[in-house]
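Spelled out, the chains give:
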Amino acid sequence: MANFILRKAEPKDVSDILRLIKELAKFEEMEDQVILTEKDLLEDGFGDHPFYHCIVAEVPKQQQSADGHVIIGFAMYYFTYDPWIGKLLYLEDFYVMKEFRGFGIGSEILKKLSQTAVRTRCSSMHFIVAEWNKSSIEFYKRRGASDLSLEEGWRLFKIDKQNLLKMTDEE
Amino acid sequence: MAKFILRKAEPKDVSDILRLIKELAKFEEMEEQVVLTEKELLEDGFGDHPFYHCVVAEVPKDKQSVEGYTVVGFAMYYFTYDPWIGKLLYLEDFYVMKEFRGYGIGSEILKTLSETAVKTRCSGMHFIVAEWNTSSIEFYKRRGAADLSHEEGWRLYEIDKCNLLKMSSK
């Protein structure tokens, strides 16, 4: 059984955070799309105005992973704003290394995020899940999550940098 | 033809912002779901740590709306973070009063937001659109928007306050 603690990420954790981001991206078959660097993570997360917050799960050295890591899970989140109800906690990334699953680490992370959301007077927690990711969907539904895309018909759109630049040039 | 200016919202604008939020909600047939107050908009947008930013469109007094308003459109946005590429500008609400449409106000707002996104080194702009809202979808697609829900299968989920409390007290 894995002993673990959950704590706020610190600047020294950016290397592990990036490693876990890449592992999760690999699972989504998108590993080469991670262009973020440790330097970006450091500036964006630990400067005057953090653009994200992170919780990490850490095990004692004697329980380290097969490849020698003690940071074995993380959640990245930030605050968003719903013009009807106000502040929301947005869960952006959430991952526990395969060999450490089944010990309740994911549940504890979600519990901690829930406490953060309630304490900061957020009305709810939002996140996106890929429609093929059945196990994650079930994990969240067991905790009361509802599919707003299904219920309310919301679709996520993006305008990429190239098209943003096009618009800035237009008269 | 409507003359207008775009500017950053100020604390004095919260009453107009709330009015426009409610007008947009009414269009989405959700008006009674707006529980936000002017006080919250003030604290959340103009305190030490703003949770949102607003751009407002204003017309001169002699061009005011039928009911006497000079703030005739707005966009509410904030910054989000993609763990693969970093900062993004997230467009949360975007609305121009019906009598002021067709003058390019919406296009100018989107242009201003694009400039903000580029200036703050965001990799892109994200936003959600209701699938039935074909005119908005066309408006965005004309500007290069891609439907990530369609292309990548993303679905938006919510865990509401009730269930958060359940989880936090387990």
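As the structure is a computational prediction, the values presented were derived from the model and not from experiment. The written sequence of each chain sets the order in which its residues are numbered from 1. Each chain takes a letter, starting from A, and each ligand takes a number, starting from 1, following the order in which they are written. Under the rules for a predicted model, residues below a pLDDT of 70 receive no local features and side-chain atom pairs below 80 are neither given nor counted, while totals for whole chains, interfaces and linings still include all residues. In computing side-chain values, all of the structure's heavy atoms are included and hydrogens and water are not.

Caption draft 1: Fine view of the overall build of chain B. Helix and strand counts for chain B stand at six helices and seven strands. What you see for chain B is a C-alpha radius of gyration of 17 Å, in line with the 15 Å of a compact globule of 170 residues. In terms of overall dimensions, chain B has a C-alpha envelope of 60 × 35 × 35 Å along the principal axes. Exposure classes here rest on a 1.4 Å probe applied to the protein chains alone. A residue is buried below 20% of its type maximum, exposed above 50%, and partly exposed in between. Residues classed as buried in chain B amount to 52% of the 170 residues present. Contact criterion: two residues are considered in contact whenever any of their non-hydrogen atoms come within 4.5 Å of each other. By sequence separation, contacts in chain B at least 24 residues apart represent 59% of the contacts at least 6 residues apart. Of the roughly 8,400 Å² of accessible surface on chain B, a fraction of 51% belongs to carbon and sulfur atoms. Charged side chains in chain B number 23 positive and 29 negative. The centres of these two groups are separated by 3 Å. We count a stretch as a helix when DSSP gives it H or I for four or more residues in a row; a strand needs E for two or more, and each element gets its number in order from the N terminus. The reference for a compact globule is 2.2 Å times residues^0.38; the radius of gyration itself is calculated from the C-alpha atoms. The protein chains shown are the only cover counted for residues, whose accessible areas, like all others here, come from Shrake-Rupley with a 1.4 Å probe. For the purpose of counting charges, residues Lys and Arg are taken to be positive, whereas Asp and Glu are taken to be negative. His and the chain ends are not included. To locate a charge, take NZ of a lysine, CZ of an arginine, CG of an aspartate or CD of a glutamate.

Caption draft 2: Structural view of the interface of chain A and chain B. Listed by partner, the interface residues are 69 residues for chain A and 68 residues for chain B. When two parts are brought into contact, each loses some accessible area as probed by a 1.4 Å sphere; the total of that loss over both is the buried area. Between chain A and chain B lies a buried interface of about 7,100 Å² when both sides are counted; carbon and sulfur atoms form 63% of it. Considering only the surface of chain A that becomes buried against chain B, Tyr 81, Trp 84 and Phe 157 of chain A emerge as the three largest contributors, covering 15% of it. For this analysis, a salt bridge means a side-chain nitrogen from Lys or Arg found within 4 Å of a carboxyl oxygen belonging to Asp or Glu. For the pair chain A and chain B, the interface holds zero salt bridges. Think of a polar contact as two N or O atoms within 3.5 Å of one another; within protein, one of them needs to be a possible hydrogen donor and the other a possible acceptor, and neighboring residues in sequence only count if both atoms come from side chains. For the pair chain A and chain B, the number of links is six residue pairs in polar contact (both at pLDDT 80 or more). Its residues assigned to classes, the side of chain A that touches chain B comprises 36 nonpolar, 15 polar and 18 charged. Any two strands with at least two DSSP bridges between them are considered paired. Pairing analysis gives seven bridges linking strand 5 (residues 124-130) of chain A to strand 7 (residues 154-160) of chain B, with the strands arranged antiparallel. Bridge assignment links Ser 124 of chain A to a residue of strand 7 of chain B, and that residue is Asp 160 of chain B. Residue polarity is assigned by list, with Asp, Glu, Lys and Arg as charged and Ala, Val, Leu, Ile, Met, Phe, Trp, Tyr, Cys and Pro as nonpolar; anything else, Gly included, falls into the polar class.

Caption draft 3: Here's a closer look at the pattern of salt bridges. Under the counting rule described, the total for this entry stands at twelve salt bridges over all chains. Measuring nitrogen to oxygen at the nearest pair gives 2.9 Å for the salt bridge that ties Glu 58 of chain A to Arg 7 of chain A. Of this pair, Glu 58 of chain A sits in strand 2 (residues 53-58) while Arg 7 of chain A sits in strand 1 (residues 5-8), and the two are 51 residues apart along the sequence. Each member of the pair, Glu 58 of chain A as well as Arg 7 of chain A, is classed as buried. The partner of Glu 10 of chain B in a salt bridge is Arg 7 of chain B, and the shortest N-O contact between them spans 3.6 Å. The exposure class assigned to Glu 10 of chain B is partly exposed, which follows from its relative accessible area of 35%. By relative accessible area, Arg 7 of chain B is classed as buried at 15%. Here the residues in one salt-bridge network are Arg 7, Glu 10, Asp 13 and Glu 58 of chain A, joined through shared partners.

Caption draft 4: Helix 1 (residues 14-27) of chain A, seen in detail. Residues and elements named next belong to chain A. A helix is expected to span 1.5 Å for every residue after the first. Along its 14 residues, helix 1 runs 20 Å from first to last C-alpha, staying within 8% of the 20 Å computed at 1.5 Å per residue. Of all the residues in helix 1, the buried ones are Val 14, Asp 16, Ile 17, Leu 18, Arg 19, Leu 20, Ile 21, Leu 24 and Ala 25. Those residues of helix 1 that are buried lie in contact with helix 2 (38-46), strand 2, strand 3 (71-82) and strand 4 (86-96). Immediately downstream of helix 1, the backbone of Glu 29 shows phi near 60°, a positive value.

Caption draft 5: Summary view of helix 6 (residues 161-169) of chain A. Restricting attention to buried positions, one finds in helix 6 of chain A the residues Asn 163, Leu 164, Met 167 and Thr 168 of chain A. Considered in projection along helix 6 of chain A, the buried side chains sweep an arc of 145° and stay on one side of the axis. With respect to the buried face of helix 6 of chain A, the exposed residues turned more than 90 degrees away are Gln 162, Lys 166 and Asp 169 of chain A. Contacts from the buried residues of helix 6 of chain A go to strand 7 (154-160) of chain A together with helix 3 (105-119) and strand 5 (124-130) of chain B. Taking the helix axis as origin, the arc is that swept by the directions to the C-beta atoms.

Caption draft 6: How the structure looks around the sheet that holds strand 2 of chain A. With mixed pairing, the seven strands of this open sheet are ordered in space as 1(A)-2(A)-3(A)-4(A)-5(A)-7(B)-6(A). Where the open sheet ends on each side, the last strands, each with one partner, are strand 1 and strand 6 (146-147) of chain A. Here an axis means a line fitted to C-alpha atoms, over the contact stretch when the element is a helix, while the angle between two N-to-C directions is reported on a 0 to 180 degree scale. Along the sheet, helix 3 (residues 105-119) of chain A contacts strand 1, strand 2, strand 3, strand 4 and strand 5 of chain A; its crossing angle with strand 4 of chain A, the most-contacted strand, is approximately 165°.

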